[in-house]
Amino acid sequence: MAISKEQVEHVAKLARLYLTEEEAQQYTGQLNKILGFADKLNELDTEDVEPTSHVLPMANVLREDEEKPSLEREKALTNAPDQKDGMFRVPAVFEE
């Protein structure tokens, strides 16, 4: 499969990109190289290859939830720039 310069210019126009003549020629050549490589993949015998969504087997990489003691309030507030009644104090974000 090959792509023509006119097709590159059409797609550029749809994307509202201005291409010079030199850029259109350059992108046409680059895209044709990419498509040529993709065509080589069609030559592979994939008859006995099962379709997959990932190259490697995927497993849930998240750990199980475990109950753990939380950080003590005083320790959590140690570096707080402003605190009141054992809580972080932050500027109001509501508008009246």
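Before reading on, note that the structure itself is shown above.
All values derive from a computational prediction rather than experimental measurement. (Residues numbered from 1 in each chain as written. Predicted model: local features only at pLDDT ≥ 70, side-chain atom pairs only at ≥ 80, totals over all residues. Heavy atoms only, no water.)

Participant: Would you mind going over the environment of glycine 29 with me for this structure?
Facilitator: Mapped onto the elements, glycine 29 comes out in helix 2 (residues 21–41). Between the alpha carbons of glycine 29 and serine 4 there is a distance of 9.1 Å; along the sequence they are 25 residues apart. (Helix = DSSP H or I, 4+ residues; strand = E, 2+ residues; numbered from the N terminus.)

Participant: Would you mind showing me how to read helix 1 (residues 5–14) here?
Facilitator: Along an α-helix, a turn takes 3.6 residues, which lines up residues three or four apart on a common side. For helix 1, the full list of buried residues reads Lys5, Val8 and Ala12. End-on, the buried residues of helix 1 take up no more than an arc of 60°, which puts them together on one face. Across from the buried face of helix 1, at angles greater than 90 degrees, the exposed residues are Glu6, Lys13 and Leu14. Buried positions along helix 1 lie against helix 2. The first or second residue beyond helix 1 is arginine 16, which carries a positive phi of 60°. (Buried < 20%, exposed > 50% of the residue type's maximum accessible area, 1.4 Å probe, protein only. Arc of directions from axis to C-beta. Contact = heavy atoms within 4.5 Å.)

Participant: Honestly, the side chain of threonine 28 in this entry has me stumped. Any pointers?
Facilitator: As for its position among the elements, threonine 28 is in helix 2. A polar atom in the side chain of threonine 28 sits 2.6 Å from the backbone oxygen of alanine 24. For threonine 28, the contacting residues outside a window of four places in its chain are Ile3, Ser4, Lys5 and Val8. (Polar contact = N/O pair within 3.5 Å; in protein donor to acceptor, adjacent residues only side chain to side chain.)

Participant: Can you help me understand the environment of aspartate 48 in this one?
Facilitator: Mapped onto the fold, aspartate 48 is located in the loop between helix 2 and helix 3 (73–76). Each C-alpha atom of the pair aspartate 48 and arginine 63 lies 35 Å from the other, and the pair is 15 residues apart in sequence.

Participant: Before we go on, may I ask you to explain the pattern of salt bridges in this structure?
Facilitator: Pairing between side chains of opposite charge can happen when their charged atoms approach one another. Considering all chains together, one arrives at 3 salt bridges under this definition. A salt bridge links glutamate 9 to lysine 5, with the shortest nitrogen-to-oxygen separation between them at 3.8 Å. Of this pair, glutamate 9 and lysine 5 both sit in helix 1, 4 residues apart, which is roughly one turn of the helix. What makes glutamate 9 partly exposed here is its relative accessible area of 32%. Salt-bridge contacts for glutamate 21 lead to lysine 5; the nearest nitrogen and oxygen are separated by 2.3 Å. With a gap of 16 residues between them, glutamate 21 in helix 2 and lysine 5 in helix 1 connect regions that are remote in the sequence. (Salt bridge = Lys/Arg side-chain N within 4 Å of Asp/Glu carboxyl O.)

Function-wise, these values are silent; they only describe arrangement.
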